[in-house]
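Now for the letters of each chain:
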Amino acid sequence: MPVAIFTHPDCLRHDPGQDHPETPARLQVLLDRLRTEPSAALHNAPPADRASLLAVHRDSYLRSVEALSEAGGGALFLDTILNRSSWAAALGAAGAVVAGVDHVHTGKGHAFAAVRPPGHHALASVGMGFCLVNNAVVGARHAQRLGRERVLIVDWDVHHGNGTQALVEQDETIRYVSLHQSPWYPGTGAADERGVGNVFNVPRGPGKPAELYVGDLWAAIVAATMDWTPALVLISAGFDAMRGDPLGGFTLEPAHYADLTHRLRERLPDAPIVGLLEGGYIPSRVAAGAVAHIQALGE
Ligand SMILES: [Zn+2]
């Protein structure tokens, strides 16, 4: 059974401008690759509805992003820059994650949301780090509305998902496991940030063997699921932890994402998985990493 890939055409129209690393090409190259990938079936998702976003974000914040985008764009915050299509892209990205959760909920296998802008730095009322809407937490809240109360979020982007952590750290129904470079942007994610015992941070320095990163992330996933079984797994799948990425110093290769995906499926056989694209700034490498992950979801 091919893995369902959800995207939205507006995700390609969001453009923070020349010389910005979060380019439309990151997604375009991946989508081009997936069109010829036998293990993937591409679908356009409807945009997220307001209620899905309001489960995570303040209304005043959403209105401000929408208004800035409709006015033609500009800097929301430092390097978090909008154009006229950014609000539509944010709705499309969140909608693709919601569609992925709906898909796996009905037992049709695993899914991946090929989206941008990314989401894991977005807080309830602050967009930052190229992120506007926290797609992973939107997906988690949607899964909970479907009756899947316990949700595990695994974040293997090279940056700490400060937004995701802040949005779930008081909620023991969601567990958050993050491997990330430290010290590094955005500066959060110390191992002693434990939330209500539901946060499992794995901060590591750059330039170490990939097996160390994979092994340490896996140990944290095992710790998070020792006496606690999620009903659904979301993966904040950034691919900027790959060797050579301009925004990170880790050393992973596509095979490591396949390995982690296989291990998750084996350990949590009853929990469907929705992967969703976060960072990763060399388009061909993002595509290679994501395809390895997707193939492992489908095998
Ligand atoms: Zn990142």
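That block above? That's the structure.
Residues numbered from 1 in each chain as written. Predicted model: local features only at pLDDT ≥ 70, side-chain atom pairs only at ≥ 80, totals over all residues. Heavy atoms only, no water.

## Topic: the overall build of the chain
The criterion, for reference: Segments assigned H or I by DSSP are reported as helices when at least four residues long, segments assigned E as strands when at least two residues long, and all are numbered from the N terminus. Classification of residues uses two cut-offs on accessible area relative to the type maximum, computed with a 1.4 Å probe and protein chains only: under 20% is buried, over 50% is exposed, and between them is partly exposed. Working rule for contacts: check all heavy atoms of both residues, and any pair within 4.5 Å makes them a contact.
In terms of regular secondary structure, the chain is built from 9 helices and 10 strands. On the principal axes, the C-alpha backbone points of the chain span a range of 50 × 40 × 40 Å. Within the chain, buried positions represent 58% of all 299 residues. Sequence separation of 24 or more characterises 74% of the internal contacts of the chain that already satisfy a separation of 6 or more.

## Overview of the coordination of the zinc ion
Here is the rule we go by: Each metal's donors comprise the N, O and S atoms found within 2.8 Å of it (within 3.2 Å for Na, K or Ca). Water is not part of the atom list, so some coordination spheres may appear incomplete. Geometry is assigned from the angles between donors: four donors with all angles from 85 to 135 degrees make a tetrahedral site, four or six donors whose opposite pairs exceed 155 degrees while the rest stay between 65 and 115 make square planar or octahedral sites respectively, and everything else is labelled irregular.
Taken together, D157 (OD), D157 (OD), H159 (ND1) and D240 (OD) make up the protein donors of the zinc ion, found 2.0 to 2.7 Å from the metal. Coordination at the zinc ion is irregular: its 4 donor atoms span angles of 53 to 154 degrees at the metal. Within one chain, the residues serving as donors to the zinc ion are arranged as D-x1-H-x80-D. When sorted by exposure, D157 lands in the same class as H159, which is buried.

## Notes on the packing of aromatic side chains
Test applied: Any pair of Phe, Tyr and Trp rings, taking the six-membered ring for Trp, is counted once the centres come within 6.5 Å. Such a pair is stacked with planes under 30 degrees apart, edge-to-face with planes over 60 apart, and tilted for the rest.
Scanning the model with the defined rule gives 5 aromatic pairs in all. Ring geometry for Y213 versus F250: centroids 3.8 Å apart, planes at 20 degrees, classification stacked. Taken as a pair, Y213 in helix α7 (residues 210–224) and F250 in the loop between β9 (232–237) and α8 (254–267) lie far apart in primary sequence, 37 residues in all. By the burial criterion, Y213 is buried, and F250 matches it. On the basis of an interplanar angle of 70 degrees and a centroid distance of 4.7 Å, the ring pair of F239 and Y257 is categorised as edge-to-face.

## Structural notes on unusual backbone geometry
Here R116 and P117 are connected by a cis peptide whose omega angle stands at 0 degrees. Residue P183 is bonded to the preceding S182 through a cis peptide linkage, with omega at 0 degrees. With respect to the helices and strands, P183 occurs in the loop between β7 (174–181) and β8 (199–204). The phi dihedral of D19 falls on the positive side, at around 70 degrees, and the residue is not glycine. Looking at D19, the relative accessible area reads 79%, which means it is exposed. Backbone geometry places L78, a non-glycine residue, at a positive phi of 45 degrees. Within the secondary structure layout, L78 lies in the loop between β3 (73–77) and β4 (80–83). Overall, L78 belongs to the exposed group, its relative accessible area being 68%.

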